[in-house]
Amino acid sequence: MPTLTTNISWLTAGNALTKPLWFWFILVVCVGGLTEAGYGVFNAALAFMLIASSLTDLGTSRLTIREVARRPDRAATFFSNLLSFRGASGVLVLAGGLLLAFVLGDDAEMLWALLWAGVYAVALSGVIFCRSFYRAFEVMKWDAVSTMGEKIAVVAGGALFLGVGGSPASALMGMAAGMVLTLVVNIYWVARHLASFETRRVRTRVLQATLTRALPFGMMSFFVLVYFRIDQVMVERIVGDVAAGEYGFAYRLLEAVMLLPLVVMEGTFPRLSALFEHGERTEFLRILRRSLLVVVGLAVAVSGALYVFAGETVALVEWLAGRDGYAAAAEPLRILAWTFPFMAAAGLLSFALAASNDQRMLALLLGLAAGFNVLANLWLIPRLGASGAALTTLWTEGGVALLLSLRL
C-alpha cells in the first residue's frame, strides 16, 4: 500500500499542475471575456447548480471511500448500484433546477446559463464518484491523472466556446462538454480496473440500504455546498449581477489558495477511515494533529498576505485579464482572507468525524451552520452588499471550526 506521504504527493502534483490552469481560466479568461454582470450570471448559475447537483450524490461518494477502503470486495456492488442511481437522479435534478428558475422568472440568459451549468455540475458529481474508488484503493496517481485530464478538457472547452459566443452560457457549454468527456473516460477506467459494472448487482434493496447509510454524508455535503455557494446566488438575487460579479471575483481568489488543505484532507481521509476501523486511535489522532498543524499554520500565513495585498491582488488579476472594474472586490477579499484558516481547520476536522462514523452529528452541525448562513446573508447583503456576504462566510466558518473542534 502506498504511504500517506506518497498519496498526498500524487494529489499535490495533480492539483499543482492543474489548479493554476483552472484559476487562469476562471479568473483571467472569464473575467476578460465577460462583462461584470455576465461574470455575475456565470458564478450565480454555477453556484446554484452545484448545490442542486449534490442531490445526485447524497453522500454516496464519501460512503464509498470509507466502505470500499474497508471492504474492497464490495467495490463492484457500490459502483453498479450507485452509477445507475446517478444517471436517473441527474436528469431529475437538471429538470428540477431549470423549472424552479423558470417559475422564479429568470430571463433567457440565466436559463441558458443554468442549463449548461447543470450539465457541468451533474457530470462533475459523477467524476467525483469515480474518483472515490481511486481514493478507496489508495491509487492516488490515477486520481492525479484524472484531475489533470478534467481541467485540461474543461478549460479548453470553456475557453473555446467563450471565445466564439462571448456569453456566460457559451463558457458553461464548453465547460460542460469537457466535463462530460471526462466522466465517460473515468467510468470506463473504473469499470475496467477497479469495480466492474454488472447489471445483475443492481438491486433496489441494496440501493435503498446504501442511500440510507449515506444520507448523513449527503446532508453534510448539501449543507456544506449551501454555506459555500448560496452567498453567490443570494448576492445576485438581492443586489444584482454586477455585485455578484465582484463577489464572485473575490471568492474565486479565496478558492485559489485552498489547494494544500484540500489535498491533505483528501489524502488523509481513507487512511483515517482504515485506522478507526482497526481501533488504532492513537495513530488516528497523531495523523490528525500533524495534518491540522500543517494546514492551519500555512493558512494563517497566506491569510495575512492576502489581507495586506488585497488591492494589489485584484489589480494584478485585472491586468492579466485586460479588464478593469473589479476594484470594489478588494474589500470583500480582505474579509474573506481570514476565513481561510477556519475553512482549513473545519474541512480537516469534518473529514476526521466522517472517518470515525460520527457523520450524523457532523450533518447536524453543518445544517445549523447552513441555516445561520442563509439568515445572516438575508440580513447583511441588503445592508452591506458583497462585504455582507463575506462577513457571513467568516462568521460561519469560524463557528463551524469551533463546534467541530469541541466535538472531537
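Quantities reported herein were computed from a predicted structural model and do not represent experimental measurements. (Residues numbered from 1 in each chain as written. Predicted model: local features only at pLDDT ≥ 70, side-chain atom pairs only at ≥ 80, totals over all residues. Heavy atoms only, no water.)

Quick notes on the packing of aromatic side chains
Throughout the structure, instances matching the rule amount to 13 aromatic pairs. With a centroid separation of 5.7 Å and an interplanar angle of 85°, the aromatic rings of W142 and W189 are classed as edge-to-face. Separated by 47 residues along the polypeptide, W142 in helix α6 (residues 140-165) and W189 in helix α7 (residues 168-193) bring together distant segments of the chain. Assessed through its relative accessible area of 33%, W189 is described here as partly exposed. Ring geometry for Y307 and W338: centres 5.9 Å apart, planes at 50°, overall tilted. Taken together, the residues Y307 in helix α11 (residues 281-308) and W338 in the loop between α13 (330-337) and α14 (339-355) connect sequence positions 31 residues apart. Its relative accessible area of 39% is what places Y307 among the partly exposed residues. Residue W338 is classed as partly exposed on the basis of its relative accessible area of 35%. Here a set of aromatic residues connected by ring pairs shows up, and it is made of Y39, F42, F249 and Y326. One cation-aromatic arrangement involves K151 over W22; the distance from NZ or CZ to the ring centre is 5.6 Å. (Phe/Tyr/Trp six-rings, centres within 6.5 Å; stacked < 30°, edge-to-face > 60°. Helix = DSSP H or I, 4+ residues; strand = E, 2+ residues; numbered from the N terminus. Buried < 20%, exposed > 50% of the residue type's maximum accessible area, 1.4 Å probe, protein only. Lys NZ or Arg CZ within 6 Å of the ring centre and 35° of its normal.)

A few points about the nonpolar core
Among the nonpolar cores identified, the biggest contains 122 residues, and W22, Y39, F42, Y120, F133, M175 and F249 are the most heavily contacted of them. When residues of this core are assigned to their parent elements, the largest contribution, 14 residues, is made by helix α5 (residues 108-136). When near neighbours in sequence (up to four residues on either side) are disregarded, Y120 contacts W22, L46, V154, M175, A176 and M179. (Core = buried A, V, L, I, M, F, W, Y, C linked by side-chain atoms within 4.5 Å. Contact = heavy atoms within 4.5 Å.)

Some words on unusual backbone geometry
What you tend to see is this: most non-glycine residues have negative phi, and most peptide bonds are trans. Even without a glycine there, the phi angle at L58 is positive, about 50°. Looking at where L58 falls in the secondary structure, it is placed in the loop between α2 (36-53) and α3 (60-70). Classification of L58 as partly exposed rests on a relative accessible area of 24%.

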